[in-house]
Amino acid sequence: MTLDPGSYELHRLDIDLSPASIATAHELLSAAERARMASYRLAAQGHRFAVVRAWVRRMLAEHLAASPAELPIWSPRHEKPRLEEGMPDLRFSVSHSGDLAMCCIAAGLEVGIDIEVDRTPAATAALATTVLDEKERAAIDLLRPEERHEAILREWTRKEAMLKALGTGLRLPPAHLRLGMGPEPCPAPVEVVVASRTWTVRDLAPRRNAIGALVVEA
């Protein structure tokens, strides 16, 4: 394994949904992943899943000197994907939105990542009512109207990244998770304690009209 214990790396992908890219990705997927690809209501969603999962497989395989297609990845729907028991302790989290994907790979650390690309202000406002608690919404209401859209997405991606790191997904309602960081951007990583564990939360700005967050076990 090429990563030192306790270290991590961050990767970005501009998703290519060309026929050649989709065909190449399909060859690297497991039978379960191919079934999941076919289960999406929209073909483009399935193709996006396939291309991103194949990308993740190639990166993990490079670290493990293994074949991407043969990596045993345990990945039930709505659960955090991980390498199966008996493999080196390499953990990862991936998020994709629109045509952008990001992945964090870590050695012996739990990680979570989330990104949002080109979400409309109307959709963002609706999101706030379900993922933020009363105090968080009040803090955002104090901002100038033009700042609220990004502030809501900032709070949401932090929470989603934390839920991924914890491995709970949305079984823990986001409105019940408080990080206490405030709605403003944080120029440096911030340490928070959640579920009796210390985590480092880092805001991400991968490109224009994209907001994200990375959570790493401290």
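What comes next is a walk through the structure. Keep in mind that this is a model prediction, so the values were computed, not measured.

**Details of helix H6 (residues 145–166)**
Next up, step 1: Spanning 22 residues, H6 covers 32 Å between terminal C-alpha atoms, matching the ideal 32 Å at 1.5 Å per step.
Next up, step 2: Residue Gly 167 follows H6 closely and has a positive phi angle near 85°.

**A short note on the environment of Met 87**
Next up, step 1: Along the chain, Met 87 turns up in the loop between strand S3 (82–83) and strand S4 (90–97).
Next up, step 2: Ignoring any residue separated from it by four or fewer positions in sequence, one finds Met 87 in contact with Leu 64, Leu 71 and Pro 72.

**A look at the sheet that holds strand S5 (residues 100–107)**
Next up, step 1: If you trace the 3 strands from one edge of the open sheet to the other, you get S1-S5-S4, paired in antiparallel fashion. On the outer flanks of this sheet lie strand S1 (8–14) and S4, each paired with one strand and no other. Adjacent strand axes in the sheet meet at a mean angle of 15°, parallel and antiparallel pairs treated alike.
Next up, step 2: Relative to S5, S4 runs antiparallel, the two being bridged by 8 bridges. Counted as the bridge partner of Ser 95 is Met 102 from S5.
Next up, step 3: Across the sheet, helix H3 (residues 43–64) is in contact with S1, S4 and S5; its angle to S4 comes to roughly 155°.

**Focus on the nonpolar core**
Next up, step 1: Ranked by internal contacts, the top residues of the largest apolar core, which has 29 residues, are Trp 55, Val 56, Leu 60, Leu 90, Phe 92, Cys 103 and Ile 105.
Next up, step 2: Within the residue set of this core, elements represented by two or more residues are helix H1 (19–28), H3, S4 and S5.
Next up, step 3: With 11 residues, H3 is the single largest residue contributor to this core.
Next up, step 4: Those residues in contact with Phe 92 that sit more than four places away from it in its chain are Val 56, Leu 60, Ile 73, Lys 80, Pro 81, Arg 82, Leu 83, Cys 103, Cys 104, Ile 105 and Val 111.
Next up, step 5: Formed by 14 residues, the second largest nonpolar core is a distinct cluster that contains Met 162, Ala 165, Trp 199 and Val 201.

Quick notes on the rules
Residues numbered from 1 in each chain as written. Predicted model: local features only at pLDDT ≥ 70, side-chain atom pairs only at ≥ 80, totals over all residues. Heavy atoms only, no water. Helix = DSSP H or I, 4+ residues; strand = E, 2+ residues; numbered from the N terminus. Expected span 1.5 Å × (residues − 1). Contact = heavy atoms within 4.5 Å. Pairing = 2+ DSSP bridges. Axes fitted to C-alpha atoms, helices over the stretch in contact; angles between N-to-C directions. Core = buried A, V, L, I, M, F, W, Y, C linked by side-chain atoms within 4.5 Å. Buried < 20%, exposed > 50% of the residue type's maximum accessible area, 1.4 Å probe, protein only.

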